[in-house]
Amino acid sequence: MLELHAVVKRYGATLGAGPIDLTVEPGEFLTLLGPSGCGKTTTLHLIAGLHAPDEGRILMDGTDLTQVPPQRRNMGVVFQNYALFPHRTVTENVAFGLRMRGVTPTEIASKVGRMLDLVGLPGTEGRLPRQLSGGQQQRVALARALVIEPRVLLLDEPLSNLDAVLRKRMRADLRAIQRRLGITAIAVTHDQDEAFEMSDRVALMDQGRIEQLSTPEGLYDRPATRFAAEFIGEAVFVPGRIGSLVGGRARVATESGLGFDGIPCPDGLGVGAAVYVLIRPERIDLILDDAAPAGAIEAEIVDRVFSGEQVSLSLRVAGGLVLKAKKPSLGRFRDLAPGRKLRLLAQDPRLVPRTDGAT
Amino acid sequence: MPRRDEIGGWGALPRFIGAAAVTLTYLFLLAPIVIVIFTSFNPTEANAFPPTGLSLRWYHEFAESDGFVSAFLFSLWLGILAAIGATAIGFLAAYALLRFFARRRELGQALTMLPMMIPHVLISISLVFMLTVVELPETLTLLLGHIIICLPFTVAGILSSLDAVDRNLEHAAFTLGASRARVMWEVTLPLIAPGLLSALIFAFIVSFGDVYIALFLSGPGKTTLPIEIFNYMNWQSTPVIAAITSVQVAMIVVLGLAIERLVGLRHVMRIEETRR
Amino acid sequence: MTETRRAGWLFVTPIGLLYLLILLAPLSYFLLLSIFKYSAFEMYLFEPTAENYQRLLFDPYYRGVIYRTLRIAATTTVFTLLVAYPLAYFLARYGGPGRGVLMFLVIAPLMSGVIVRTYGWIVLLGAEGTINTALIWLGAIQRPIQILRTEFAVIMAMVHILLPYMVFPLFSAIVAQERNLEQAARTLGASNLRIFLEVTLPLSRPGIVMGSVLVFTLTAGAIVTPQLLGGKEMKVLGILIYDLVLTTLNWPLASAVASLLVLLQFSVIVLYFRGARGRAAA
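Asks: Which residues make up the overall build of chain A, and what are the values?
Replies: Counting its regular elements, chain A contains 9 helices and 20 strands. A principal-axis box enclosing the C-alpha atoms of chain A has dimensions of 75 × 45 × 35 Å. Residue pairs in contact within chain A that sit at least 24 positions apart in sequence constitute 66% of those at least 6 positions apart. Here chain A has roughly 15,700 Å² of accessible surface; of this, 50% comes from carbon and sulfur atoms.

Asks: Account for the overall build of chain B, with residues named and values stated.
Replies: A count of helices and strands for chain B gives 14 helices and 0 strands. The linear arrangement of helices and strands in chain B, starting from the amino end, is α-α-α-α-α-α-α-α-α-α-α-α-α-α. The proportion of buried residues among the 276 residues of chain B is 57%. When the accessible surface of chain B is totalled, it reaches about 11,600 Å², and 67% of it is carbon and sulfur.

Asks: An account of the interface of chain B and chain A is requested, with residue identities and associated values reported.
Replies: Across the boundary between the two partners, chain B contributes 18 residues, which contact 22 residues of chain A. In this assembly, chain B packs against chain A so that about 1,800 Å² is buried in total across both faces, 64% of it on carbon and sulfur atoms. When the buried surface of chain B facing chain A is broken down by residue, Thr 175, Leu 176 and Glu 186 of chain B rank first, second and third, together holding 37% of it. Arg 88 of chain A serves as the salt-bridge partner of Glu 186 of chain B, at 3.4 Å between the closest nitrogen and oxygen. When residues of the side of chain B that touches chain A are traced back to their parent elements, those giving at least two are α8 (167-175) and α9 (180-191) of chain B. For the side of chain B that touches chain A, the per-class residue count stands at 9 nonpolar, 5 polar and 4 charged.

Asks: Now, about helix α7 (residues 151-175) of chain C: what can you tell me, with residues and values included?
Replies: Residues and elements named next belong to chain C. The end-to-end C-alpha distance of α7, which contains 25 residues, comes to 34 Å, matching closely the 36 Å that a straight helix rising 1.5 Å per residue would cover. Largest kink in α7: about 50 degrees, centred on Leu 162, with the proline Pro 164 one to four residues after it. For α7, the buried fraction is high: 21 of the 25 residues fall into the buried class.

Asks: Give a detailed account of the pattern of salt bridges, specifying residues and quantitative values.
Replies: Pairs can form between side chains of opposite charge once their charged atoms are near each other. Counting across every chain of the model gives 26 salt bridges over all chains. The partner of Glu 149 of chain A in a salt bridge is Lys 111 of chain A, with the nearest N and O atoms 3.5 Å apart. Taken together, the positions of Glu 149 of chain A in the loop between α4 (134-146) and β7 (152-156) and Lys 111 of chain A in helix α3 (residues 105-118) put the pair 38 residues apart, joining distant regions of the chain. Overlapping salt bridges bring together Arg 88 and Arg 99 of chain A together with Arg 182 and Glu 186 of chain B as one network.

Asks: Can you lay out the side chain of Ser 329 of chain A for me, pointing to particular residues and giving the numbers?
Replies: Note on placement: Ser 329 of chain A falls in the loop between β18 (322-328) and α9 (331-334). A relative accessible area of 13% places Ser 329 of chain A in the buried class.

Asks: Just give me the short version of the interface of chain B and chain C, but keep the residues and values in it.
Replies: Contact residues are listed per partner, giving 91 residues for chain B and 84 residues for chain C. Across the chain B/chain C interface, buried area totals approximately 7,800 Å², and carbon plus sulfur atoms make up 78% of it. For the chain B face of the interface with chain C, the top three residues by lost area are Tyr 26, Phe 28 and Phe 129 of chain B, together amounting to 9%. At the junction of chain B with chain C, the criterion picks out 0 salt bridges. Scanning the region where chain B abuts chain C turns up 9 residue pairs in polar contact (both at pLDDT 80 or more). Residue contributions to the side of chain B that touches chain C peak at 12 residues, all from helix α1 (residues 12-39) of chain B. Of the residues contributing to the side of chain B that touches chain C, the split by class is 65 nonpolar, 17 polar and 9 charged.

Asks: Go over the environment of Leu 342 of chain A with me, naming the residues and quoting the values.
Replies: All names here are of chain A. Looking at where Leu 342 falls in the secondary structure, it is placed in strand β19 (residues 341-346). The sequence separation of Leu 342 and Glu 92 amounts to 250 residues, and the corresponding C-alpha distance is 66 Å. In this view, Leu 342 contacts Leu 286, Ile 287, Leu 288, Ile 297, Glu 298, Ala 299, Ile 301 and Leu 315; residues no more than four positions away in its chain are not counted.

Asks: Explain the sheet that holds strand β12 (residues 249-254) of chain A to me, using residue names and the numbers behind them.
Replies: Residue and element names in this part refer to chain A. The sheet built from 5 strands is open, its strands ordered β13-β12-β11-β14-β20 with antiparallel pairing. Taken across any chain shown, the strands that pair with only one partner, and hence form the sheet edges, are β13 (259-264) and β20 (350-353). Taking the axes of each pair of neighbouring strands and ignoring which way they run, one obtains an average angle of 45 degrees across the sheet. When strand β11 (residues 236-246) meets β12, the two strands line up antiparallel, connected through 6 bridges. Within β12, the position partnered with Gly 240 by the bridge is Thr 254.

Asks: Describe the sheet that holds β18 of chain A, listing the residues and the values that go with them.
Replies: Residue and element names in this part refer to chain A. Spatial strand order, β15-β19-β16-β17-β18: 5 strands in an open sheet with antiparallel pairing. Here the strands that pair on one side only, and so sit at the sheet edges, are β15 (284-287) and β18. Across this sheet, the average inter-strand angle for adjacent strands is 45 degrees, counted without regard to direction.

Asks: Outline the packing of aromatic side chains, listing residues and values.
Replies: Using the criterion set out here, one finds 25 aromatic pairs over all chains in the structure. Between Phe 85 of chain A and Phe 96 of chain A, the aromatic rings sit 4.8 Å apart at their centres with planes inclined by 50 degrees, giving tilted as the arrangement. Here Phe 85 of chain A is found in the loop between β6 (75-78) and α2 (90-100), whereas its partner Phe 96 of chain A is found in helix α2, with 11 residues between them in sequence. On the basis of relative accessible area, Phe 96 of chain A is assigned to the buried category, the value being 0%. Judged by centre distance (5.2 Å) and plane angle (70 degrees), the rings of Tyr 61 of chain C and Tyr 62 of chain C are edge-to-face. Among the residues examined, Tyr 62 of chain C registers a relative accessible area of 8% and is labelled buried. Here the aromatic residues Phe 129 of chain B together with Tyr 29, Phe 30, Phe 36, Tyr 44, Phe 46 and Trp 251 of chain C are joined through ring pairs into a cluster of three or more. Above the face of the Phe 237 of chain A ring, Arg 226 of chain A is positioned so that its terminal group lies 4.3 Å from the ring centre. Looking at Lys 232 of chain C, its charged tip hangs above the ring of Trp 235 of chain B, at a distance of 5.5 Å from the centre.

Asks: Mind laying out the arrangement of the chains, listing which residues take part and the relevant values?
Replies: Contacts are most numerous, across the 2 pairs of chains in contact, for chains B and C. You won't find any contact between chain A and chain C; their C-alpha atoms come no closer than 8 Å.

Asks: Tell me what's going on with the nonpolar core, and back it up with residues and numbers.
Replies: Note that soluble globular proteins tend to have their nonpolar side chains buried in a common cluster. In this structure, Leu 151 and Phe 216 of chain B together with Leu 18, Phe 30, Leu 91, Val 167 and Ile 241 of chain C are the most contacted members of the largest nonpolar core, which totals 170 residues. With 76 residues, the next largest nonpolar core counts Ile 108, Leu 142 and Leu 146 of chain A together with Ala 172 of chain B among its residues.

Asks: Could you give an account of the pairing of β13 of chain A, naming the residues involved and the relevant values?
Replies: Residue and element names in this part refer to chain A. Pairing analysis gives 4 bridges linking β12 to β13, with the strands arranged antiparallel. The residue of β13 that forms the bridge with Arg 249 is Pro 264. Between β12 and β13, which follow one another and run antiparallel, lie 4 residues, and Gly 257 among them has a positive phi close to 95 degrees.

Asks: So, the confidence of the model for chain B: which residues are in play, and what are the values?
Replies: All names here are of chain B. Here chain B averages 84 in pLDDT, and 88% of its residues register 70 or above. Here helix α14 (residues 265-268) is the element of chain B with the lowest mean pLDDT, 61, and helix α3 (residues 66-99) is the one with the highest, 94. This stretch, residues 1-10, has a pLDDT under 50; its non-local contacts, to residues over four places away or in other chains, come to 19 contacts. Per-residue pLDDT stays below 50 along residues 272-276; that stretch engages in 11 contacts with residues further than four places along the chain or on separate chains. Interface confidence in the predicted complex, given as ipTM, is 0.84; pTM for the same model is 0.83.

Asks: Give a description of the packing of helix α2 (residues 57-64) of chain B against helix α13 (residues 239-262) of chain B that names residues and reports values.
Replies: Residues and elements named next belong to chain B. Direction vectors running N to C along α2 and α13 enclose 80 degrees, while the axes themselves pass 8 Å from each other. As judged from the angle between their axes, α2 and α13 are roughly perpendicular. Side by side, α2 and α13 meet where Trp 58, Tyr 59, Glu 61 and Phe 62 of the first sit next to Pro 239, Val 240, Ala 243, Ile 244, Ser 246 and Val 247 of the second. Looking at the contact of α2 with α13, its residues break down into 8 nonpolar, 1 polar and 1 charged.

Asks: Summarise a nonpolar patch on the surface; cite the residues concerned and give the values.
Replies: Residues and elements named next belong to chain B. A surface patch of nonpolar side chains, about 410 Å² in accessible area, is lined by Leu 73, Trp 77, Ile 80 and Ile 84. Structurally, the position occupied by Ile 80 is in helix α3. Exposure remark for Ile 80: the relative accessible area of 35% places this residue in the partly exposed category.

Asks: Describe in detail the packing of α3 of chain B against helix α10 (residues 193-209) of chain B, supporting the description with residues and values.
Replies: Residues and elements named next belong to chain B. Running from N to C, α3 and α10 point in directions that differ by 135 degrees, and their axes come no closer than 8 Å. Judged by the inter-axis angle, α3 sits oblique to α10. α10 is crossed by α3, and the crossing has right-handed handedness. Along the contact surface, α3 presents Phe 72, Ser 75, Leu 76, Leu 78, Gly 79, Ile 80, Ala 82, Ala 83, Ile 84, Ala 86, Thr 87 and Phe 91, while α10 presents Leu 196, Ala 199, Leu 200, Ala 203, Phe 204, Ser 207 and Phe 208. Of the residues contributing to the contact of α3 with α10, the split by class is 15 nonpolar, 4 polar and no charged.

The rules behind the values
Residues numbered from 1 in each chain as written. Chains lettered and ligands numbered in written order. Predicted model: local features only at pLDDT ≥ 70, side-chain atom pairs only at ≥ 80, totals over all residues. Heavy atoms only, no water. Helix = DSSP H or I, 4+ residues; strand = E, 2+ residues; numbered from the N terminus. Contact = heavy atoms within 4.5 Å. Areas by Shrake-Rupley, 256 points an atom, 1.4 Å probe, with all protein chains shown as cover. Buried < 20%, exposed > 50% of the residue type's maximum accessible area, 1.4 Å probe, protein only. Buried area = accessible area lost by both parts, 1.4 Å probe. Salt bridge = Lys/Arg side-chain N within 4 Å of Asp/Glu carboxyl O. Nonpolar A, V, L, I, M, F, W, Y, C, P; charged D, E, K, R; others polar. Expected span 1.5 Å × (residues − 1). Bend = angle between axes of the 7 residues up to and from the residue. Polar contact = N/O pair within 3.5 Å; in protein donor to acceptor, adjacent residues only side chain to side chain. Pairing = 2+ DSSP bridges. Axes fitted to C-alpha atoms, helices over the stretch in contact; angles between N-to-C directions. Phe/Tyr/Trp six-rings, centres within 6.5 Å; stacked < 30°, edge-to-face > 60°. Lys NZ or Arg CZ within 6 Å of the ring centre and 35° of its normal. Core = buried A, V, L, I, M, F, W, Y, C linked by side-chain atoms within 4.5 Å. pLDDT = per-residue confidence, 0-100. Parallel < 35°, antiparallel > 145°, perpendicular 65-115°, else oblique. Patch = residues over 30% accessible without salt bridge, like charges linked within 9 Å, V, L, I, M, F, W, Y side chains within 5 Å. Left-handed = near helix turned anticlockwise from the far one by under 90°.

This is the structure in structure tokens:
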């Protein structure tokens with residue numbers, strides 16, 4: 001179990017990361033997700049020992065690692081640009097960590113061979129990094145980090161230098177290898193899809209701090225802040241106030257006059273609290289016939305963008321508010337045009353506390 | 001776009017003038033050296049050009065002159081030692097500036113340039129003066145002086161080589177368990193080997209060409225080639241000088257080409273091609 | 001992180017010791033000598049005096065040397081700039097074949113040392129030298145004219161020797177300019193000359209200043225070229241120091257001359273920073 005307790009890193013006067021509290025369970029795949037400059041790579045480097053924190057402590061299975069240099073932390077790191085030694089062959093790159101540990105040459109040979117099999121690279125042993133494709137380099141970097149049997153595998157934007165197709169495949173491979181070895185892994189990425197597909201839990205970071213730590217489902221379904229809701233997927237935010245609260249479900253009156261009822265209310269929000277009602281475009285039902293289910297709202301299509309597998313519609317409702325809806329581009333949704341009037345039903349609206357100006 | 005735009009906006013006539021000016025400048029730059037080489041094959045005593053014949057007489061003269069040969073060898077040894085010293089010390093300084101004092105880098109780099117900012121005559125008399133206070137062998141003082149005037153070049157060259165080394169490579173080696181010394185030896189040094197070799201060669205060239213330090217610190221039997229030539233030319237001047245300098249030019253062109261192959265001369269000369 | 005700090009200091013110790021003990025300490029001590037009395041027997045006496053500076057600044061002979069040095073240095077700087085600018089501009093803008101070779105041809109003379117190039121000029125300018133031979137052959141003159149042992153010869157050779165020191169800062173300054181600035185000026189209707197005067201030249205100012213400082217100080221401290229091409233009578237500050245240190249053994253006076261040289265150096269560096277700041281204001 002890896003623990004970070006109130007860890008802070010500063011670069012001169014600017015905050016690099018922190019304060020960060022984080023616990024990573026054994027065998028877990030945790031991803032630090034966030035925009036560039038949010039402190040996620042700094043956090044990874046703090047865990048690896050490449051930077052020393054200004055405050056706080058880092059513990060591994062109860063022992064304090066804070067002052068332990070990177071050489072003795074036994075963490076396997078895969079760097080963003082792979083950082084393969086350009087003057088060393090694939091074998092020499094993978095063997096490097098074992099050599100530093102004084103492992104015998106025969107044992108090194110067998111371990112390196114096994115590891116290259118595991119990452120799917122047999123036959124490349126004598127090549128130099130520049131003779132490999134990007135995907136192969138990535139696998140060498142992974143093998144080099146794993147062969148030392150690290151306590152934690154750290155991955156810094158591991159897939160960002162690969163093309164889209166390869167990236168998809170490596171996500172699955174990375175996850176499979178991690179599961180098979182049962183190793184604890186911490187990855188850093190700015191790509192939400194990547195984070196969600198690989199991880200058991202995702203720590204969403206912003207401005208040096210962890211904004212929300214949750215499973216991918218939890219982050220998507222129950223974003224704790226507007227930043228979280230915006231970073232994960234698309235959303236429209238309708239400002240309003242909680243009118244009443246019954247059994248943990250809120251009725252919200254919005255400024256545009258729309259009313260929402262029965263929304264699950266997060267802890268800490270009471271009657272009168274300023275909130276956003278969060279509506280995801282993919283969770284809007286369009287009613288094209290005459291049915292009128294409870295809660296349906298009159299709307300008019302004002303814009304339509306066709307992007308292949310989907311159509312995105314902008315829908316103006318009462319009070320001038322514009323909602324977005326995303327629909328598969330088939331059948332009756334495909335040819336909806338601006339000007340068309342219809343009714344819509346916002347499924348699963350969520351509440352996010354509103355802190356910007358309104359109290 | 002019309003083609004004249006690609007040449008920086010000279011019109012037709014100004015462009016011709018520009019081309020002529022550049023050609024003349026190259027002529028001016030290279031003529032004295034080319035003429036020295038031609039003169040070295042002159043059969044007569046005169047430092048004349050065009051030559052009146054073709055002979056290797058002055059090369060023989062050079063080879064048989066004890067004074068010049070021993071000065072040449074002395075310069076050679078001095079240059080090699082100074083180059084090794086300046087490269088080793090320069091590497092340590094450059095490494096420390098980038099890896100230990102990164103925040104003070106600008107200041108540190110400026111300080112290492114100190115010998116470039118002091119006229120070499122003054123460096124030299126300071127060394128002579130130091131000898132009146134501290135008993136040091138003259139040759140050692142000369143060597144130290146040469147190391148000092150070579151250091152700005154070696155530090156700058158090695159700094160730019162080190163700059164090109166990806167920090168993550170060293171970080172990767174750290175996380176794989178390598179100590180700082182191991183990382184330096186197994187990762188950093190092999191990666192900057194071309195830069196080190198260039199620094200070595202360039203320092204040798206600087207030392208070999210120096211006049212000012214050696215002018216004050218040469219003694220009998222410990223005279224560098226440029227000083228031997230200088231002393232000789234103060235009294236007489238025959239094409240033997242042309243023969244010696246031709247050998248020197250040939251050597252330097254070969255070494256210069258070696259640097260060009262290794263890292264590019266512009267790199268060593270710190271000629272910036274890109275915006276900072 | 002104290003361990004790395006200690007390693008850092010260890011790494012800079014050699015260069016630090018060299019610079020401090022072998023460069024700065026003796027240099028400062030030597031410069032200090034200028035305020036002490038000269039003694040024929042003990043070289044210097046620890047008696048503060050202004051006589052060295054008085055002699056240097058008021059004795060017509062020394063004054064002449066100072067004027068000559070400044071004159072040669074200033075003329076050399078101006079001519080080097082004039083010769084170097086077109087070359088630097090060309091190198092910065094030329095992208096065609098052989099660019100590497102053309103750069104190499106500028107750097108190579110620099111590496112061949114002062115002596116080699118000075119000797120080249122003796123061959124060129126001597127009584128039986130190339131220029132005289134050519135002029136006689138052309139019938140322009142009957143007998144060789146005196147070119148060696150004139151200030152002209154010294155300046156010509158100094159321009160040649162120091163040309164690369166001017167070309168490279170200029171090159172860097174011109175290369176750093178955005179090409180589209182010139183193109184933008186052209187689309188705004190400026191003529192080629194206006195573009196050069198109002199865009200290219202002002203933006204090369206840091207290079208001009210840097211190169212001029214280098215050339216000026218290197219000329220002011222020169223010994224070998226002035227002595228070999230200027231002859232025994234043409235004393236400049238560098239030769240003066242050389243004579244005073246090695247022949248006359250008047251170290252306090254030599255120290256005063258050296259101090260003057262340092263002062264000169266210092267003032268051009270100040271001018272340099274003024275010039276660099278001027279760029280920001282321009």
